[in-house]
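# Architecture and fold: a report
Spelled out from the first residue to the last, the chains are:
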Amino acid sequence: MDGSVTSTRLRAHHRAAAPANADAAAVKAQAVPRPDLYGPVHKGLRTFMCETLVAVGRMDADDPAEVAGVLAQVRGLLVLCRVHLEVENRHVHPAMEARSPGSASETAGDHVEHERAFASLESDTQALERVAPERRAAAALHLYRQLAVFTGENFLHMRTEEIDNAALLWQTHTDDELVALQHAIMTDISPADTAVLLRWMVPSLAPIERARLLGGLRQSMPATVFEGMLASLKPHLAGRDWAKLSLALAA
Ligand SMILES: [Fe+2]
């Protein structure tokens, strides 16, 4: 009886072992993901949009210093969103269209709408700066609602890019080509804009993504520049995330 149970367990273990090994091989094969032009950057943009929206919502419209700070953040967000849109227009959409004509038309159309939204949000921001004190709270609420609409629409747009556009790029391009595209995008963004992008992006990533990104950046710049960049990011990272990053970079 015992022997039978034992051998049954052994057979069960043996049966399970083969698929488990196969699964492990499959997981290992997926452990190095294909280059993702969208996901990590979009995590940073989502955080920037959400934090800015919340800041506008709770802003004291009668506190000039606070209004100035929050509106500077709104303008910083619009600058980064524009930079992001322009590099997608210059690099990503042409790469898609070259291999699959028409494939970028949906998100290219969204970008035209986004450019109108940037202008409209800038105009709402200026209106808030110039409005009479008794109408300031109403102007702040208007900006908050308009920014919420922009954020919501942008979330849907980014989902399309991360799922549909990424699938198309993975189908039509090799990893080497996608890495070259990533490199072309990175070198097309000014150092000042890159610093803002990393400030929002790095704290928004999972530890493994953060380590992968910074490990790659370390290879691409002098050690002192990399250390300076790390120091500027540290205040934006939770203590445990900083510890995990330090461990990963030391490995
Ligand atoms: Fe986009």
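Residues numbered from 1 in each chain as written. Predicted model: local features only at pLDDT ≥ 70, side-chain atom pairs only at ≥ 80, totals over all residues.

## Concerning the overall build of the chain
Counting secondary structure elements, the chain contains 10 helices and zero strands. Starting at the N terminus, the α and β elements of the chain follow one another as α-α-α-α-α-α-α-α-α-α. Considering the chain as a whole, with its 251 residues, one finds that 19% of them fall into the buried category. Restricting to contacts in the chain with at least 6 residues of sequence separation, those with at least 24 account for 77%. (Helix = DSSP H or I, 4+ residues; strand = E, 2+ residues; numbered from the N terminus. Buried ≥ 20, exposed ≤ 12 C-beta atoms within 10 Å, placed from the backbone. Contact = placed C-beta atoms within 7 Å.)

## Let's talk about the environment of Leu128
With respect to the secondary-structure elements, Leu128 resides in helix H4 (residues 105-130). The buried category is assigned to Leu128, around which 24 C-beta atoms lie within 10 Å. Sequence separation between Leu128 and Leu143 is 15 residues, and the spatial gap between their C-alpha atoms is 8.0 Å. Those residues within four positions of Leu128 in sequence are excluded, and the remaining contacts are Leu71, Arg136, Ala139, Ala140 and Leu143.

## As for the nonpolar core
Grouped burial of nonpolar side chains is what soluble globular proteins tend to show. Within the largest apolar cluster, 31 residues are counted, with the highest numbers of intra-cluster contacts made by Phe48, Val56, Leu77, Ala140, Leu147 and Met201. Within the residue set of this core, elements represented by two or more residues are helix H2 (39-57), helix H3 (64-99), H4, helix H5 (136-172) and helix H7 (191-201). Per-element tally for this core: the top contributor is H3, with eight residues. Filtering out sequence-adjacent residues up to four positions away, Phe48 remains in contact with Leu77, Leu80 and Trp200. (Core = buried A, V, L, I, M, F, W, Y, C linked by C-beta atoms within 7 Å.)

## Quick look at the packing of H3 against H4
Between H3 and H4, the shortest axis-to-axis distance is 11 Å and the interhelical angle comes to 165 degrees. One element, H3, and the other, H4, form an angle in the roughly antiparallel class. For the crossing formed where H3 meets H4, the hand is left-handed. Across the interface between the two elements, Leu71, Val74, Arg75, Leu78, Cys81, Arg82, Leu85, Asn89 and His93 from H3 touch Ala108, His111, His114, Phe118, Leu121, Glu122, Thr125, Leu128 and Glu129 from H4. Its residues assigned to classes, the contact of H3 with H4 shows nine nonpolar, five polar and four charged. (Axes fitted to C-alpha atoms, helices over the stretch in contact; angles between N-to-C directions. Parallel < 35°, antiparallel > 145°, perpendicular 65-115°, else oblique. Left-handed = near helix turned anticlockwise from the far one by under 90°. Nonpolar A, V, L, I, M, F, W, Y, C, P; charged D, E, K, R; others polar.)

## Quick word on the confidence of the model for the chain
The predicted model of the chain averages 90 in pLDDT, with 87% of residues at 70 or higher. Contacts from residues 1-20, a stretch scored under 50 in pLDDT, to residues over four places away or in other chains number zero contacts. Low pLDDT, under 50, characterises residues 25-30; the stretch is placed with zero contacts to residues that sit more than four places away or in other chains. (pLDDT = per-residue confidence, 0-100.)

## Comments concerning H2
Compared with an ideal rise of 1.5 Å per residue, which puts 19 residues at 27 Å, H2 spans 27 Å between its outermost C-alpha atoms and is within 8% of the ideal. Regarding H2, the residues found buried are Val41, His42, Lys43, Gly44, Leu45, Phe48, Met49, Thr52, Leu53 and Val56. Among the structural elements, H3, H5 and H7 are those in contact with the buried residues of H2. (Expected span 1.5 Å × (residues − 1).)

## Focus: H5
With 37 residues, H5 extends 51 Å from end C-alpha to end C-alpha; this agrees with the ideal 54 Å at 1.5 Å per step. Where H5 bends most, the angle comes to about 30 degrees, and this point is Asn165. Taken together, the buried positions of H5 are occupied by Ala140, Leu143, Leu147, Phe150, Asn154, Met158, Glu161, Asn165 and Leu169. Where H5 is buried, its residues meet H2, H3, H4 and helix H6 (175-187). (Bend = angle between axes of the 7 residues up to and from the residue.)

## Regarding the packing of H3 against H7
For the pair H3 and H7, interaxial distance at closest approach is 11 Å and the crossing angle is 105 degrees. When the axes of H3 and H7 are compared, the pair comes out roughly perpendicular. Here Gly76, Leu80 and Val83 of H3 lie close against H7, whose contacting residues are Asp193, Val196 and Leu197. Residues that form the contact of H3 with H7 fall into these classes: four nonpolar, one polar and one charged.

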